[in-house]
Amino acid sequence: MTPPTPSDPKADLHRYLQDARDALLWKLEGLSEYDIRRPLTPTGTNLLGLVKHVAFVELGYLGDTFGRPSGRPAPWGADGGDPNADMWATAEESRDDIVTLYRGAWTHADATVEALPLDTVARVPWWPADSDEITLHHALVRVIADTHRHAGHADILREGLDGAVGMREDNTSVPSSDPAWWAEHRERLEQVAEEAARKAQ
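Residues numbered from 1 in each chain as written. Predicted model: local features only at pLDDT ≥ 70, side-chain atom pairs only at ≥ 80, totals over all residues. Heavy atoms only, no water.

1. Describing the nonpolar core
Move 1: Ranked by internal contacts, the top residues of the largest apolar core, which has 26 residues, are Leu-24, Leu-25, Leu-28, Leu-47, Val-51 and Tyr-102.
Move 2: With 8 residues, the single largest contributor to this core is helix 3 (residues 47-61).
Move 3: Setting aside its immediate chain neighbours within four residues, Leu-24 contacts Leu-50, Val-51, Val-54, Tyr-102, Thr-147, His-150, Ala-151 and Ala-154.
Move 4: Core analysis: the second largest hydrophobic core is formed by 19 residues, Val-113, Ala-122, Leu-136 and Leu-140 among them. (Core = buried A, V, L, I, M, F, W, Y, C linked by side-chain atoms within 4.5 Å. Buried < 20%, exposed > 50% of the residue type's maximum accessible area, 1.4 Å probe, protein only. Helix = DSSP H or I, 4+ residues; strand = E, 2+ residues; numbered from the N terminus. Contact = heavy atoms within 4.5 Å.)

The following block contains the structure:
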């Protein structure tokens, strides 16, 4: 058996980060200003807010942490500011503003990743002083995990809005696009859940 061809760890990490970035922006496409902003859970989770949040995650972990500040202060940093300010866009912040912010965060973060070895050690400014060291590799994994987590949130929120689902525009990773297929599938799952509940009584 031929051993697998070695891959570049940085390239692998960047690929998975970019997949999540693209997925998040795709979830905004075709929706109104209202739908991308409106709170869709009891805690106010909304699509444009998720994009704003991950932009500042990248600027923090892959910028400020490695001595490469973007010049864009985190919205929660102001004295007396809303501690959840990164999770929603104000009426004055347009969709283009937030998307441009996010794409700018990509460029800034990617420059950090390109410039430094994965074993570069830095200190996270907002972590406790006795446990604030992090490598670039760790920071990248952390940002990838956070971005994919929120891309999953966005996928579910978008499905609730208009039924659109999928991992990527070029690969939805779902077995059917037929609403009737999904209605039958959902009904089957409902029946299974009811049967399991009866058996548990």
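And the narrative resumes.
2. Looking at the pattern of salt bridges
Move 1: Using the criterion set out here, one finds 12 salt bridges in the structure.
Move 2: In this structure, the salt-bridge partner of Asp-110 is Arg-21, at a minimum N-O distance of 3.1 Å. Taken together, the residues Asp-110 in helix 4 (residues 95-115) and Arg-21 in helix 1 (residues 9-26) connect sequence positions 89 residues apart.
Move 3: The partly exposed category is assigned to Asp-110, whose relative accessible area is 23%.
Move 4: Note on Arg-21: relative accessible area 0%, which makes it buried.
Move 5: With a shortest N-O distance of 2.6 Å, Asp-155 and Lys-27 are connected by a salt bridge. Of this pair, Asp-155 sits in helix 5 (residues 136-162) while Lys-27 is found in the loop between helix 1 and helix 2 (33-37), placing the two residues 128 residues apart along the sequence.
Move 6: Three or more residues joined by partner-sharing salt bridges are found here, namely Arg-21, Glu-58 and Asp-110. (Salt bridge = Lys/Arg side-chain N within 4 Å of Asp/Glu carboxyl O.)

3. Considering helix 3
Move 1: Here helix 3 is 15 residues long and its end C-alpha atoms lie 22 Å apart, about the 21 Å a rise of 1.5 Å per residue gives.
Move 2: In this structure Asn-46 caps helix 3, since a side-chain oxygen of it lies 2.7 Å from the backbone nitrogen of Gly-49. (Expected span 1.5 Å × (residues − 1). Polar contact = N/O pair within 3.5 Å; in protein donor to acceptor, adjacent residues only side chain to side chain.)

4. Some thoughts on helix 6 (residues 179-200)
Move 1: Taking 1.5 Å of rise per residue, 22 residues should cover 32 Å, and helix 6 covers 31 Å from first to last C-alpha, within 8% of that figure.
Move 2: If you check the start of helix 6, you find a side-chain oxygen 3.0 Å away from the backbone N of Ala-180, and it comes from Asp-178.

5. Re the environment of Thr-100
Move 1: Assignment of secondary structure puts Thr-100 in helix 4.
Move 2: Since its relative accessible area comes to 54%, Thr-100 is described here as exposed.
Move 3: The spatial distance from the C-alpha of Thr-100 to the C-alpha of Leu-59 is 13 Å, given a sequence separation of 41 residues.

6. A closer look at the packing of helix 1 against helix 5
Move 1: With their axes 9 Å apart at the nearest point, helix 1 and helix 5 run at an angle of 25° to one another. Put simply, helix 1 runs roughly parallel to helix 5. Taken as a pair, helix 1 and helix 5 cross one another with a handedness that is left-handed. Listed contacts from helix 5 to Leu-13, Tyr-16, Leu-17, Ala-20, Arg-21, Ala-23, Leu-24 and Trp-26 of helix 1 are His-137, Leu-140, Val-141, Val-143, Ile-144, Thr-147, His-148, His-150, Ala-151, Ala-154 and Arg-158. (Axes fitted to C-alpha atoms, helices over the stretch in contact; angles between N-to-C directions. Parallel < 35°, antiparallel > 145°, perpendicular 65-115°, else oblique. Left-handed = near helix turned anticlockwise from the far one by under 90°.)

7. Concerning the packing of helix 1 against helix 3
Move 1: The geometry of helix 1 relative to helix 3 is characterised by a closest axis approach of 10 Å and an angle of 150° between their N-to-C directions. One way to sum up the angle between helix 1 and helix 3 is to call them roughly antiparallel. As helix 1 packs across helix 3, the resulting crossing turns out to be left-handed. Here Leu-17, Arg-21, Leu-24 and Leu-25 of helix 1 come into contact with helix 3, specifically with Leu-50, Val-51, Val-54 and Glu-58.

8. Some points on the packing of aromatic side chains
Move 1: Evaluated as defined, the whole model comprises 4 aromatic pairs.
Move 2: Ring geometry for Tyr-61 against Trp-127: centres 6.1 Å apart, planes inclined by 65°, an arrangement best described as edge-to-face. Here Tyr-61, found in helix 3, pairs with Trp-127, found in the loop between strand 1 (121-123) and strand 2 (133-135); they are 66 residues apart in sequence, far enough to count as distant.
Move 3: Of the aromatic side chains, those joined through ring pairs into one cluster are Tyr-61, Trp-126 and Trp-127. (Phe/Tyr/Trp six-rings, centres within 6.5 Å; stacked < 30°, edge-to-face > 60°.)

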